[in-house]
Amino acid sequence: EAQVTQNPRYLITVTGKKLTVTCSQNMNHEYMSWYRQDPGLGLRQIYYSMNVEVTDKGDVPEGYKVSRKEKRNFPLILESPSPNQTSLYFCASSSIGGDSYNEQFFGPGTRLTVL
Amino acid sequence: AQSVAQPEDQVNVAEGNPLTVKCTYSVSGNPYLFWYVQYPNRGLQFLLKYITGDNLVKGSYGFEAEFNKSQTSFHLKKPSALVSDSALYFCAVRPFSGTYKYIFGTGTRLKVLA
């Protein structure tokens, strides 16, 4: 089954404790992206990656890091989480060619609470 | 600044009636336009997209959207609403600027009443 998986699905942590949210896709997609969803603000793009070792900032990259060492994985790293990073996070992937290009497949989301 | 606006936080419609969820955008050039739907406790699902060509685009679950360049709008429509269409709908834009940034609207909650 074609899917984007994220782990963990729920996480409660404390300020300053480094964490990583993993994202993996099995569709051989070149493009992967991270978003955060906040009430009243919709989805905002954090980082995206066009392919292995190619990443770029979205609209809200501050406080986040990413890496793309393998095509299927795109982890989101919070080196020193703060309460304003409490949010619902989504990973997405898409192809950048063919009929379905630009159609993003989204993971189920990770609800992060930073105390 | 580039932006996407969904002017209605919530749209209520009776089952069987036509529905419209509005989206306007402000980006330079010719953007790629998308609609996504989010059901409770789920990720977003792709509904339809406009890249080029015919201004009326048909998508999943009987939804369609009309691209209007002069009004910079991309409203989502369905001729006959179902209770199961109740969900959160997001309009998104990818500015055709060589980057792969996406800008999403704030979302519109659609409630279809039986």
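In short, a report on the structure. (Residues numbered from 1 in each chain as written. Chains lettered and ligands numbered in written order. Predicted model: local features only at pLDDT ≥ 70, side-chain atom pairs only at ≥ 80, totals over all residues. Heavy atoms only, no water.)

Turning next to the interface of chain B and chain A. Counting residues at the interface gives 22 residues for chain B and 25 residues for chain A. Note on chain B versus chain A: buried area summed over both sides is about 1800 Å², and carbon and sulfur give 52% of it. Taken together, the links from chain B to chain A amount to 2 salt bridges. Counting across the chain B and chain A interface gives 7 residue pairs in polar contact (both at pLDDT 80 or more). (Contact = heavy atoms within 4.5 Å. Buried area = accessible area lost by both parts, 1.4 Å probe. Salt bridge = Lys/Arg side-chain N within 4 Å of Asp/Glu carboxyl O. Polar contact = N/O pair within 3.5 Å; in protein donor to acceptor, adjacent residues only side chain to side chain.)

With that settled, consider the nonpolar core. Counting 29 residues, the largest nonpolar core has Trp35, Leu47, Leu48, Phe74, Leu76 and Tyr89 of chain B as the members making the most contacts within it. In contact with Tyr89 of chain B, not counting residues within four places along its chain, are Gln6, Trp35, Tyr36, Val37, Leu47, Phe63, Leu76, Gly107, Thr108 and Leu110 of chain B. Residues Met32, Val60, Tyr64 and Leu76 of chain A belong to the second largest nonpolar core, which totals 19 residues. (Core = buried A, V, L, I, M, F, W, Y, C linked by side-chain atoms within 4.5 Å. Buried < 20%, exposed > 50% of the residue type's maximum accessible area, 1.4 Å probe, protein only.)

Residue and element names in this part refer to chain A. Applying the stated criterion across every chain, the model contains 2 disulfides over all chains. Between the sulfur atoms of Cys23 and its disulfide mate Cys91 the distance is 1.8 Å. Of note, the bridge from Cys23 to Cys91 carries an S-S torsion of about -75° and is left-handed in sense. Of this pair, Cys23 sits in strand 3 (residues 19-25) while Cys91 sits in strand 9 (residues 87-94), and the two are 68 residues apart along the sequence. (Disulfide = S-S within 2.5 Å. Helix = DSSP H or I, 4+ residues; strand = E, 2+ residues; numbered from the N terminus.)

Turning next to the side chain of Ser24 of chain A. All names here are of chain A. Following the sequence through the fold, Ser24 ends up in strand 3. Polar side-chain contacts of Ser24 include one of 3.4 Å to the side chain of Arg72. A polar contact of 3.0 Å, which involves the side chain of Ser24, links it to the side chain of Asn73. With sequence-adjacent residues up to four places away left out, Ser24 is seen in contact with Gln3, Val4, Thr5, Arg72 and Asn73.

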